[in-house]
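Now for the letters of each chain:
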Amino acid sequence: MGRIVLNNVTKSFGETQVIPPLDLTIEDGEFAVFVGPSGCGKSTLLRMIAGLEELTSGQIEIDGEDVTQVPPSKRGLAMVFQSYALYPHMTVRKNIAFPLRMEGMDQSEIDKKVEAAAKSLNLTDYLDRKPAALSGGQRQRVAIGRAIVRNPSAFLFDEPLSNLDAALRVGMRLEISEMHESMKTTMIYVTHDQVEAMTMADKIVVLQAGVIEQVGTPLELYHTPRNVFVAGFIGSPKMNIFSGSEAKKLGAYTAGIRPEHIDIDLSGGTWKGTVGVAEHLGSDTFVHVHDTGLGDLVTVRIAGDVAVKHGDTIYLTPQMDKIHKFDEQGLRV
Amino acid sequence: MAIVSTNSNISRYGRPVLAWGVALLFFFPIFWMVLTSFKTDADAVKPEFLIWFTPTLDNYLNLTENYDYWRFATNSVITSVCATLFTLVVGIPAAYAMAFNPSRATKDILMWMLSTKMLPAAAVLYPMIFLAKGIGLYDTHVLVITVVSLINLPIAIWMLFTYFKEIPKDIIEAGKMDGVSTWGEVKEILIPLAWGGIASTALLIFIFCWNEAYWTVRLTTIDAATLSKLIEGNRAPEGLFFGRLSAVSTAAVGPIVVLGWFCQKQLVQGLTFGAVK
Ligand SMILES: Nc1ncnc2c1ncn2[C@@H]1O[C@H](COP(=O)(O)OP(=O)(O)OP(=O)(O)O)[C@@H](O)[C@H]1O
Ligand SMILES: [Mg+2]
């Protein structure tokens, strides 16, 4: 079990309010991802759930029980830190066993659990090493192992993959997703990488300056972003967002179209522009187009390979049913 | 070009010469003291015997036979060991609290502790003596250990605080998530991780305690008197007994120099504040 409810939670550091009043429910078994730009309060929110940061006001419930005043270890949560936070003076075995030893579990029971966790995380060969003698990915696994053995009602991850290289990051991402599939335990995962958010989450919570901009499934956020911020934040490459006369023509104050929803043509179309850079990824081509009259550079994503190059004149036509429209307040209309 | 080469000449020859000069300047009094301790009191004041003289062990024999050296030495050991332990027992929790649970007052408290080191000891000399006599603790181990600990506590806390600060906060928080008690946090995480720093601090404090003279001389007569008192007692006004005085001094600083020599690495690490990583 692990249903987490935040009621009217706020956080201030001194005079500055980092989290204005905030309500949020994370259902049991859900994989919730907090995303947002740096400094928006993701870690602070996670740490408040963990109990490492006191609430300025409000209340946190886990499985219907008010845990606002309960110390971290009594909340039944396990946390994986960005820096891994392994105990450098202990072997991998001792690191993983540590929370169990603190619970006062029998040594034989501990050994069994540690062996099992190590096996599932491919750490069996490293049990007697110290963390300093492990690679980043292995350290991350140890940190996860230390969380798993406690059998928590929810896992909290604070940017666990951001210290890993790109290839390893993709691998670990899958492993964590698989872990969630098999354990069905609630997970709250903080990241500023929206690809991680999109691929892993059941539910994404988009934060900006401590305010929840939108909560929804990845595809809800992709198809119906509630406002300009979410529209620009979710999706890669970013949505093309423009205002002014071109937006007015479409009946909006601000309008947006995703790169994958623009068609190109060499002879005619809605907007005419000049190719700046064309990025050929093989599977896709990202074409960055100048001088379209929309203001910023426009990015277009074409499936497969297209033969356009720097300086070519090109015509762009948005798929009209895929245009997102926003009003003066930046809200979706 | 010319300037560069002059510069490098100066740094090639000038610096070592300067370094050696300074080192000798500092070392000379100690060297002289050790030499003098092997001279008779009569030889000690004669310039012609500065280097060439007939060495004698009389001063040292005299020290153990007539001056009760071992009792003073034992008191020095008791005082230094107990004061160092006491300093750590109080200092570790204090530094821990300030490093990991700082409040708005933490900075001020640290500064205030340091400021107590700026108070001239003489300013509180008489109040201290009256107080000590008043509560019947004059010339006792309890008093000497307490006073010596307290005057070193600020430095100990500062040093420990600096070491503890280097421990990543995440690790302490991971401990909190894993359910360690406060004492467990100190025992399982803090002490093992800051072990080098704690050892350096202990060593330095031990040396300070051993060398403490101002208070140990003034707050004791016989029972709790340390080696500092023995030196003080041999400082004859006429200045005639230089051989004996030198032997006393050598025997007093000897143990600590030997200790320092063996723990050099730890000490240097401690003084450069960079041991935990
Ligand atoms: N201990 C603190 N004292 C004062 N301000 C703090 C403290 N911790 C965080 N803040 C402030 O709170 C805000 C939110 O910080 P937080 O660490 O939660 O951001 P974040 O979303 O996790 O960012 P990042 O993606 O960079 O990790 C920031 O503006 C930060 O400066
Ligand atoms: Mg963060």
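Right above here is the structure, for reference.
All figures in this text were calculated on a predicted structure; none of them were measured in a lab.

Visitor: Explanation requested: the overall build of chain B in the structure shown.
Guide: Across its full length, chain B carries 14 helices and zero strands. In chain B, the succession of helices and strands from N to C terminus is α-α-α-α-α-α-α-α-α-α-α-α-α-α. The principal-axis extents of the C-alpha atoms in chain B amount to approximately 75 × 75 × 35 Å. The buried share of chain B, taken over its 277 residues, is 41%. A fraction of 76% describes how many contacts in chain B between residues 6 or more apart in sequence connect residues 24 or more apart. Approximately 15600 Å² of chain B is accessible, and the part contributed by carbon and sulfur atoms is 72%. Within chain B, the 18 negative side-chain charges are centred at a point lying 8 Å from the centre of the 19 positive side-chain charges.

Visitor: What should I look at first to understand the overall build of chain A in this one?
Guide: Counting its regular elements, chain A contains nine helices and 18 strands. A total of 333 residues make up chain A; the buried ones form 52% of that total. Of the contacts formed within chain A by residues at least 6 apart in sequence, a portion of 62% connects residues at least 24 apart. Surface summary for chain A: the accessible area is close to 14900 Å², and the carbon and sulfur share equals 49%. The averaged location of the 42 negative side-chain charges in chain A is 4 Å from the averaged location of its 33 positive side-chain charges.

Visitor: Teacher, can you tell me more about the sheet that holds strand E13 (residues 262-265) of chain A here?
Guide: By way of backbone hydrogen bonds, the strands of a sheet pair with one another, either parallel or antiparallel. Residues and elements named next belong to chain A. Ordered in space as E13-E17-E14-E15-E16, the five strands form an open sheet in which the pairing is antiparallel. Two strands lie at the open edges of the sheet, namely E13 and strand E16 (298-303), each paired on one side alone. The mean inter-strand angle of the sheet, taken between neighbouring strand axes irrespective of direction, is 45°. Looking at chain direction, strand E15 (residues 284-290) and E16 are connected through six bridges and run antiparallel.

Visitor: Looking at this model, I keep getting lost on the site of ligand 1. Mind explaining?
Guide: All names here are of chain A. Ligand 1 sits among Phe13, Val18, Ser38, Gly39, Cys40, Gly41, Lys42, Ser43, Thr44, Glu159 and His192. Within the side chain of Ser43, an N or O atom sits 2.6 Å from an oxygen atom of ligand 1. In the environment of ligand 1, an oxygen atom lies 2.5 Å from a nitrogen or oxygen atom belonging to the side chain of Thr44. Contact with the protein chains covers 57% of the free accessible surface of ligand 1, which is 630 Å².

Visitor: Looking at this structure, how should I read the pairing of strand E1 (residues 4-13) of chain A?
Guide: Strand residues, when the strand is regular, have side chains that alternate between the two faces of the sheet. All names here are of chain A. Across five bridges, E1 lies against strand E4 (residues 57-62) in antiparallel orientation. Note that in E4 the partner of Thr10 across the bridge is Ser57. With seven bridges joining them, E1 and strand E2 (residues 16-26) adopt antiparallel strand pairing. In the strand pairing of E2, Leu6 is matched with Leu24.

Visitor: Hey, could you run me through the environment of Arg101 of chain A in this one?
Guide: Along the polypeptide, Arg101 of chain A turns up in helix H2 (residues 92-103). Note on Arg101 of chain A: relative accessible area 36%, which makes it partly exposed. For Arg101 of chain A, the contacting residues outside a window of four places in its chain are Ile110 of chain A together with Glu188 of chain B.

Visitor: Help me understand helix H10 (residues 195-211) of chain B in this model?
Guide: Since the α-helix packs 3.6 residues into each turn, any two residues three or four apart lie on the same face. Residues and elements named next belong to chain B. Between its terminal C-alpha atoms H10 stretches 24 Å, which fits the 24 Å expected from 17 residues at 1.5 Å a residue. The buried count for H10 comes to twelve of 17 residues, which makes it a mostly enclosed element. Within the span of H10, buried status applies to Gly197, Ile198, Ser200, Thr201, Ala202, Leu203, Leu204, Ile205, Phe206, Ile207, Cys209 and Trp210.

Visitor: How should I be thinking about the interface of chain B and chain A in this particular structure?
Guide: Put simply, an interface is often sized by how much accessible area is lost when its parts join up. The interface is formed by 14 residues belonging to chain B together with 22 residues belonging to chain A. Buried surface at the junction of chain B and chain A, both sides included, amounts to about 1600 Å², of which 64% is carbon and sulfur. Looking at the side of chain B facing chain A, the largest losses of area belong to Met177, Asp178 and Glu188 of chain B, adding up to 44% of the total buried there. Viewed at the interface, chain A and chain B are joined by three salt bridges. The salt bridge partner of Glu188 of chain B is Arg101 of chain A, with a shortest N-O separation of 3.0 Å. The tally of links between chain B and chain A comes to eight residue pairs in polar contact (both at pLDDT 80 or more). Looking at the side of chain B that touches chain A, the elements with two or more residues in it are helix H8 (169-177) and helix H9 (182-193) of chain B. The element contributing the most residues to the side of chain B that touches chain A is H8 of chain B, with seven residues. Of the residues contributing to the side of chain B that touches chain A, the split by class is seven nonpolar, two polar and five charged.

Visitor: Mind showing me how you'd approach a negative patch on the surface here?
Guide: Residues Asp28, Asp63, Glu65 and Asp66 of chain A make up a contiguous surface patch of negative charge. Residue placement: Asp63 of chain A occurs in the loop between E4 and strand E5 (65-66).

About the criteria used
- Every chain is numbered independently, its residues counted from 1 as its sequence is written.
- Chains and ligands are labelled sequentially in the order written, the chains with letters from A and the ligands with numbers from 1.
- Local features in a predicted model are, by the rule used here, given only for residues with pLDDT of at least 70; side-chain atom pairs are given and counted only at 80 or more, and totals for whole chains, interfaces and linings are based on all residues.
- To get the side-chain values, take all heavy atoms of the structure and skip hydrogens and water.
- Numbered from the N terminus, helices here are DSSP runs of H or I no shorter than four residues, and strands are runs of E no shorter than two.
- Exposure categories follow from relative accessible area, calculated using a 1.4 Å probe and restricted to protein chains: below 20% of the type maximum is buried, above 50% is exposed, and the middle band is partly exposed.
- The contact criterion used is simple: two residues touch if any of their non-hydrogen atoms lie within 4.5 Å.
- Where accessible areas are quoted, they stem from the Shrake-Rupley method and a 1.4 Å probe; at the residue level, only the protein chains shown are allowed to cover.
- Positive charges come from Lys and Arg alone, negative charges from Asp and Glu alone, with His and the N- and C-terminal ends not counted.
- In this description, the location of a charge corresponds to atom NZ of lysine, CZ of arginine, CG of aspartate or CD of glutamate.
- Two strands are said to pair when DSSP picks up at least two bridges between them.
- Lines fitted to the C-alpha atoms define the axes, with helices restricted to the stretch that makes contact. Angles between their N-to-C directions range from 0 to 180 degrees.
- Any residue with at least one heavy atom within 4 Å of a molecule or strand is counted as near it.
- Here a polar contact is taken to be a pair of N or O atoms separated by no more than 3.5 Å, where protein atoms must pair a possible hydrogen donor with a possible acceptor and residues adjacent in sequence count only if both atoms sit in side chains.
- Residue count minus one, scaled by 1.5 Å, sets the expected span of a helix.
- Buried surface area refers to the total accessible area, computed with a probe of radius 1.4 Å, that the two partners give up upon joining, counted for both partners together.
- We define a salt bridge as a side-chain nitrogen of Lys or Arg found within 4 Å of a carboxyl oxygen belonging to Asp or Glu.
- As a working rule, the residues Ala, Val, Leu, Ile, Met, Phe, Trp, Tyr, Cys and Pro are called nonpolar, Asp, Glu, Lys and Arg charged, and the rest polar, with Gly in that last group.
- Two joining distances apply to patches: 9 Å for like charges and 5 Å for nonpolar side chains (Val, Leu, Ile, Met, Phe, Trp, Tyr), and every residue must have over 30% relative accessible area and no salt bridge.

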